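Structural features, examined
As a plain string of letters, each chain reads:
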Protein chains: 2
Amino acid sequence: MTAKSFHPPVRTLMGPGPSDVSPRVLEAMARPTIGHLDPAFVGMMDDVKGMLQYAFQTKNELTMPVSAPGSAGMETCFVNLVEPGDKVIVCQNGVFGGRMKENVERCGATPIMVMDDWGKPVDPNKVEDALKTHHDAKLVAFVHAETSTGAQSDAQTLVKLAHDHDCLTIVDAVTSLGGTPLKVDEWEIDAIYSGTQKCLSCVPGISPVSFGPRAVERIKNRQSKVQSWFMDMNLVMGYWGGGAKRAYHHTAPINTLYAFHESLVMLQEEGLENAWARHAHNHQALKAGVEAMGLQFVVDEAYRLPQLNSVTIPEGVDEAAVRAELLNRYSLEIGAGLGALAGKIWRIGLMGSTSNQKNVLNCLGALDAVLSDMRAPIKSGVAVAAAKAVFAE
Amino acid sequence: MTAKSFHPPVRTLMGPGPSDVSPRVLEAMARPTIGHLDPAFVGMMDDVKGMLQYAFQTKNELTMPVSAPGSAGMETCFVNLVEPGDKVIVCQNGVFGGRMKENVERCGATPIMVMDDWGKPVDPNKVEDALKTHHDAKLVAFVHAETSTGAQSDAQTLVKLAHDHDCLTIVDAVTSLGGTPLKVDEWEIDAIYSGTQKCLSCVPGISPVSFGPRAVERIKNRQSKVQSWFMDMNLVMGYWGGGAKRAYHHTAPINTLYAFHESLVMLQEEGLENAWARHAHNHQALKAGVEAMGLQFVVDEAYRLPQLNSVTIPEGVDEAAVRAELLNRYSLEIGAGLGALAGKIWRIGLMGSTSNQKNVLNCLGALDAVLSDMRAPIKSGVAVAAAKAVFAE
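Note that the structure is a prediction, hence the values are computed from the model and not measured.

Okay, the UniProt feature "modified residue: N6-(pyridoxal phosphate)lysine" (unreviewed entry) in chain A next. All names here are of chain A. Within the UniProt annotation, "modified residue: N6-(pyridoxal phosphate)lysine" (unreviewed entry) is assigned to K198. On the secondary structure map, K198 appears in the loop between β7 (191–193) and β8 (207–211). Among the residues examined, K198 registers a relative accessible area of 7% and is labelled buried. Each residue touching K198, except ones within four places of it in the same chain, is listed here: P16, G17, S19, T147, V174, T175, M351 and G352.

The next thing to look at is the pairing of strand β11 (residues 345–349) of chain B. Residues and elements named next belong to chain B. In terms of burial, β11 is a largely internal element, 5 of the 5 residues being buried. Here β11 shows a buried face lined by I345, R347 and G349 and a second buried face lined by W346 and I348. The sheet contact formed by strand β9 (residues 308–312) and β11 spans 5 bridges and is antiparallel. From the neighbouring strand, V311 faces β11, where its bridge partner is W346. Where strand β10 (residues 332–336) and β11 come together, 2 bridges link them in antiparallel fashion. Pairing of G335 across the sheet is with R347, part of β11.

Quick look at the pattern of salt bridges now. Applying the stated criterion across every chain yields a total of 38 salt bridges over all chains. Of the charged contacts, one joins D136 of chain A and K87 of chain A as a salt bridge, the two residues approaching to 3.3 Å between their closest N and O atoms. Of this pair, D136 of chain A sits in the loop between α5 (124–133) and β5 (139–143) while K87 of chain A sits in strand β3 (residues 87–92), and the two are 49 residues apart along the sequence. Look at K87 of chain A and you get partly exposed, because its relative accessible area is 24%. One continuous salt-bridge network, built from bridges that share partners, spans E102 and R106 of chain A together with K225 and D232 of chain B.

What follows is about the sheet that holds strand β9 (residues 308–312) of chain A. Residue and element names in this part refer to chain A. What the 4 strands build is an open sheet, ordered β1-β10-β11-β9; its pairing is mixed. The outermost strands of the open sheet, each flanked by one partner alone, are β1 (12–14) and β9. On average, adjacent strands in this sheet sit at an angle of 30 degrees to one another, irrespective of strand direction. Sheet topology note: the β1/strand β10 (residues 332–336) ladder contains 3 bridges and is parallel. Pairing of L13 across the sheet is with E333, part of β10. Taken strand by strand, helix α11 (residues 319–330) contacts β10 and β11 (345–349), and its axis lies near 160 degrees from that of β10.

Conventions used here
- Residues numbered from 1 in each chain as written.
- Chains lettered and ligands numbered in written order.
- Predicted model: local features only at pLDDT ≥ 70, side-chain atom pairs only at ≥ 80, totals over all residues.
- Heavy atoms only, no water.
- UniProt positions renumbered as here; feature names shortened; annotations may be inferred.
- Helix = DSSP H or I, 4+ residues; strand = E, 2+ residues; numbered from the N terminus.
- Buried < 20%, exposed > 50% of the residue type's maximum accessible area, 1.4 Å probe, protein only.
- Contact = heavy atoms within 4.5 Å.
- Pairing = 2+ DSSP bridges.
- Salt bridge = Lys/Arg side-chain N within 4 Å of Asp/Glu carboxyl O.
- Axes fitted to C-alpha atoms, helices over the stretch in contact; angles between N-to-C directions.

Have a look at this one:
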C-alpha cells in the first residue's frame, strides 16, 4: 500500500468527547520533543501537577496524568486499590459503572452491584442499604458524571456514606472535571480519575488521576503486588513524585503533556468557577432551543449535566441518518446513544472549548434544518431564536 | 500557582529515545482533532495498520498501536498470552528482560529465567537447555534489541527453538523496529511490541504491536479473562479490527495517531531497507570517531545495534557532568547507563531522524571538546576527521 499524509476535515465536535481542541493547545503540542528526563521537562511536570491540583481542588501530592486514556485511568484506580477477594460496591447507572464492574472482577474481587436506571443519578439510599448488608466491603465506586446518559450523582453524599461504613471511594470524573463543580478535598474523595478530551478540551490520550492520603496508605500496605506493572502507582510515583530526582519508569507522552499543560494554563486563566458558569449558561441556551423544537431531555434538570445533553429522538426519525447529515452538511459531530440508550438518544456535548455561544446557535440551526428536511415531528424555525433569547438575558 | 505556557528548548536527542521528531510529524500532530468514530478517522486507522504491517514485515491482521507507551505494549503481550500457573521462559540480558519477569509474575505465572551478561546477546544454547528442562513451558520471551545495552539477539534462531518445543514467543522490538532488520512473518514471531519514539522518530505515547495466528488462537482460547480490561485484545480488536464498523472501546489518542501516521508515511517514502542501511552507515562513522578518541564499545561488533551505541566512560571522568555540559553547552542529549551499567556507560542513540551525518559529526565534536576540557584521558581532535573519512568513502 502507499498512503499519503493525512489531512483531517475540520469538524465542530459536539459529541461526548473529544471536544474541540483550541489552536493554542494544538500549537503547544507541536513544539519540539525533548527527553522525558530533561530538566526542562521535569519543571513542566511540576507545573502540570500544580495546575491539575487546582482543577481537582485538591492538595493531594499524588496528582498526575496517567500515560494512557481515561479507561486506563479507571483501571489504575482499581488495580491499585482492590486486592483479590475484596468486596467492592459498584454503582451502575450507565455504561461506565458496568466497566467498573469488569475492572473489579478482573482484579479477582467481588462486585456488589447497586443498580439505577440509565439517566437517573445513583440513589444514596440503595448505596446505604448495600453498605449495611455488606459490612465487609472495602470500597465504593461510582460515576460522578455518566458520559453515557448525562446524569450527575451526588458525589459528596456518596463519599460520606462510604466513609461512615469504613469504605474508601473511587470516583469517575471523566466528564465532570472542568465542567461542573468537583471538589476532591472538600468532598473527601479518596481516588479519582478523569479524561483530558472532555471539559478540559485537550487532545485524548492521557488520564488525570488523584489519590488522597487514605488511598495512598492502602496502596502502600497492599498484601499483593499490583497486577499491572504499567499502572502500579508505587512505581509511577518514582517518576512523577516530587523533587528533581526522577526515576525512569516509562517514557512519558512528552508532546501530549505539552498540550495538557497548555489546556491547564487556559483553565487557570479563565478560572475554574468561570468555566463551570460558562458550561451552565450555554446549557441553558441549548436547552431553550431543544425544548422549543419540542424535543425532550432524558435526564431531569435537577441532576442534568450541562456539558452532556441527552436528547430523545423524535418518533420515526432515523437517528444515524441525522448524525450523518450533520456531519456531511455541517461538519458537525454529535454523539449516538450507548448501551441501553443506543438508537434512542443523541448526546450533544457542550464541553470545554466547544461550549460557546456560536456552537449552541449553529448546532440548533443545523439540527432544526436537518430534522425539518426529514419531516420529523418537531416545531421548526424557533430553536435558534429561543437560544438567542437566553444569551440576550 | 500560576504557570505560563511552556516553551521547550530545542534539543538534539541522541539518547536511547525519544529521538528527534521531524517537523513533518509535529505538524501532522497539530492538525484539528476529530472524533475517534469519524469515518475520516477510521480510514486513517486502516492506513496506519497497513503501513505498520509493512514496518513489521507481516501480514498479521492484528497489527496496531496500543494507546499507551512501550511498557504498556509489553504488558499487552503478556496479559493476553499468559494465564495463571503458566511457565514462561524469560531471557534477561539487560533492563527489559527484568521487566518481562515482573510482567510474568504479575500474571500469576512462573518465570524461568535464562540469564546472560549485560551487553551480550541471549545465548540460544541456554534457551535450549531451559526448554529441555521445562518441557511444560508455554512461552519464550526475549528482547530483540536491548535498549539498556545496545546488544542484538538472534530473534530468528530463538523463535525457531521455541517453536521446536511447542512454545509461542513474545519479542521486544522497541529499539529495533525501523532501525535494523526485523521480519515478523519470515521469522515466525508470534507476538511483538515496539515503541514509536525510537527508530520511527514519532512522539512517544503509543506502542505498535502485532499478533500472529498462533497468538490469536491462544488469546481466543484462554481459560481465564485477560486481567486488564484496557489491554484485553479481545475488546481492542472490536475497535481496531477490519471493516467500517468499529465498536467503541476507549477514546483513541487521535492526534498522536496523526503523528504516527506521518512517521509511517516517511518510512514508506524512504523504504525500510534504506532506513536500515542509513542506521548502519551512520553507526560506522560514529564508531570510527569514538574509537579514534580511544573510547570502547560495550557490545561486540558482531551483535551491536547500530542505533544504540553504549560507550564506556574514560577513567576518572564524572559522567553526569559530561552529559550536563553537553546539554547546557550544545543542547545535546545523550543517555546514561541503566541498572547494572549505571555510571559505567553513555548511550548514544542514532535512531530515526536523529541518525544523520550532521548529528554524528556534531556529537563527536561536542564530546571531544567537553572531554578535552575536562582533561579526560582521550585522544583529542581526531574524532570528527575519522568520522568524516567514513562519510567520504
